[in-house]
Amino acid sequence: MLTQAAEGVWVHESVFVQTNTIVVRGDGGVLLVDPGLTRAELDCLAGDLAELGQPVVAGFSTHPHWDHVLWDARFGDVPRYGTARCAAAMEEELSHAGAKDDIADHLLETEIAGQVPLDLLGLVTGLPPGATRIPWDGPAVRIVEHQAHAPGHAALLIEDRGVLIAGDMLSDVLIPMLESGGVADYLAALDLIEDVAGQAGVVIPGHGSVGGPGQARERIDLDRAYVLALRDGRAPADPRIGPSAKPGWEWVGDVHEGQFRQF
Ligand SMILES: [Zn+2]
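Here the structure is a predicted model, which means the values were calculated and not measured. (Residues numbered from 1 in each chain as written. Predicted model: local features only at pLDDT ≥ 70, side-chain atom pairs only at ≥ 80, totals over all residues. Heavy atoms only, no water.)

Caption draft 1: Up close: helix H1 (residues 39-52). Taking 1.5 Å of rise per residue, the 14 residues of H1 would be expected to cover 20 Å, and the 20 Å separating its terminal C-alpha atoms lies within 8% of that figure. Within the sequence span of H1, burial applies to Glu41, Leu42, Leu45, Ala46, Asp48 and Leu49. Down the axis, H1 shows its buried residues gathered within 160° of arc, on one side only. Along H1, exposed side chains directed more than 90 degrees from the buried face belong to Ala40, Ala50 and Glu51. If you follow the buried residues of H1, they end up packed against strand S1 (2-6), strand S2 (9-13), strand S3 (20-25), strand S4 (30-33) and strand S5 (56-60). (Helix = DSSP H or I, 4+ residues; strand = E, 2+ residues; numbered from the N terminus. Expected span 1.5 Å × (residues − 1). Buried < 20%, exposed > 50% of the residue type's maximum accessible area, 1.4 Å probe, protein only. Arc of directions from axis to C-beta. Contact = heavy atoms within 4.5 Å.)

Caption draft 2: Local environment of the coordination of the zinc ion. With distances of 2.1 to 2.2 Å, the protein atoms coordinating the zinc ion are His63 (NE2), His65 (ND1), His149 (NE2) and Asp168 (OD). Note that the zinc ion binds 4 donor atoms; their angles at the metal cover 89 to 173°, and the shape is irregular. Binding-site remark: the zinc ion is held by donors from one chain whose sequence spacing is H-x1-H-x83-H-x18-D. Taken together, the positions of His65 in the loop between S5 and strand S6 (80-82) and His149 in the loop between strand S8 (141-146) and strand S9 (153-158) put the pair 84 residues apart, joining distant regions of the chain. (Donors = N, O, S within 2.8 Å, 3.2 Å for Na, K, Ca; no water. Tetrahedral: all angles 85-135°; square planar, octahedral: opposite > 155°, others 65-115°.)

Caption draft 3: Examining the environment of Gly242 more closely. One can find Gly242 in the loop between helix H5 (215-232) and helix H6 (252-262). By relative accessible area, Gly242 is classed as partly exposed at 43%. Sequence separation between Gly242 and Leu2 is 240 residues; the distance between their C-alpha atoms is 32 Å.

Caption draft 4: Quick peek at the side chain of Ser171. Looking at the element boundaries, Ser171 is found in the loop between strand S10 (163-165) and helix H4 (183-197). Ser171 gets classed as buried once you look at its relative accessible area, which sits at 4%. A distance of 2.9 Å separates the side chain of Ser171 from the backbone nitrogen of Leu174, its partner in a polar contact. Those residues within four positions of Ser171 in sequence are excluded, and the remaining contacts are Pro205, His207, Gly208, Arg219 and Arg240. (Polar contact = N/O pair within 3.5 Å; in protein donor to acceptor, adjacent residues only side chain to side chain.)

Structure (structure tokens):
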């Protein structure tokens, strides 16, 4: 099911960790950002797009993690963009025999084991290094590239819709996950995103709920406070962990414990 987030912008939410696919209407078709996750959900998305009467003209992956680089043949053989670093990281990962088996094995630990189509995973076309726009026929989409959470991670700002697509940051349910890059990279990324957040009346995280006016800044503050606490060895006062975590998200506390030990 597609839910409208702004004029010409829709979100499809997966049952798995509230993963968001974003659909942006352009002049001759739609841009798909991070489409996923299960076959049933991709069926649903393909059906919704058919109902909209919109072909897919381009894709974009915010970062090189399996849940953000999926695709379905029905979306067509169109360019699936990412930053140059994202594409390079994906290419490197897929150069290892068994890379997809490793992802499938990881998924065995989840409730969507065997349900995610991996055949078209990771076929990302890198944009030129430093590219600041997605090349497509539609509303201008600014790329804010940084190195927090994953190499070549991109936040996207759809300028005239006031929509910020945050990738795996600014979530109301997930804490900052410093899987690659360190504290300094994370703080630098939040600064870069903050520079454009004033233009965003809507924030769409890779996982979690869509936020309205003021939410982008609030979530930046929350993420920054978490990362600073991690840096300083303090226990963060963060509603996403501990007793205030949303039901079903208690495991985020374990992620925090692991990060707390590491940093
Ligand atoms: Zn990720």
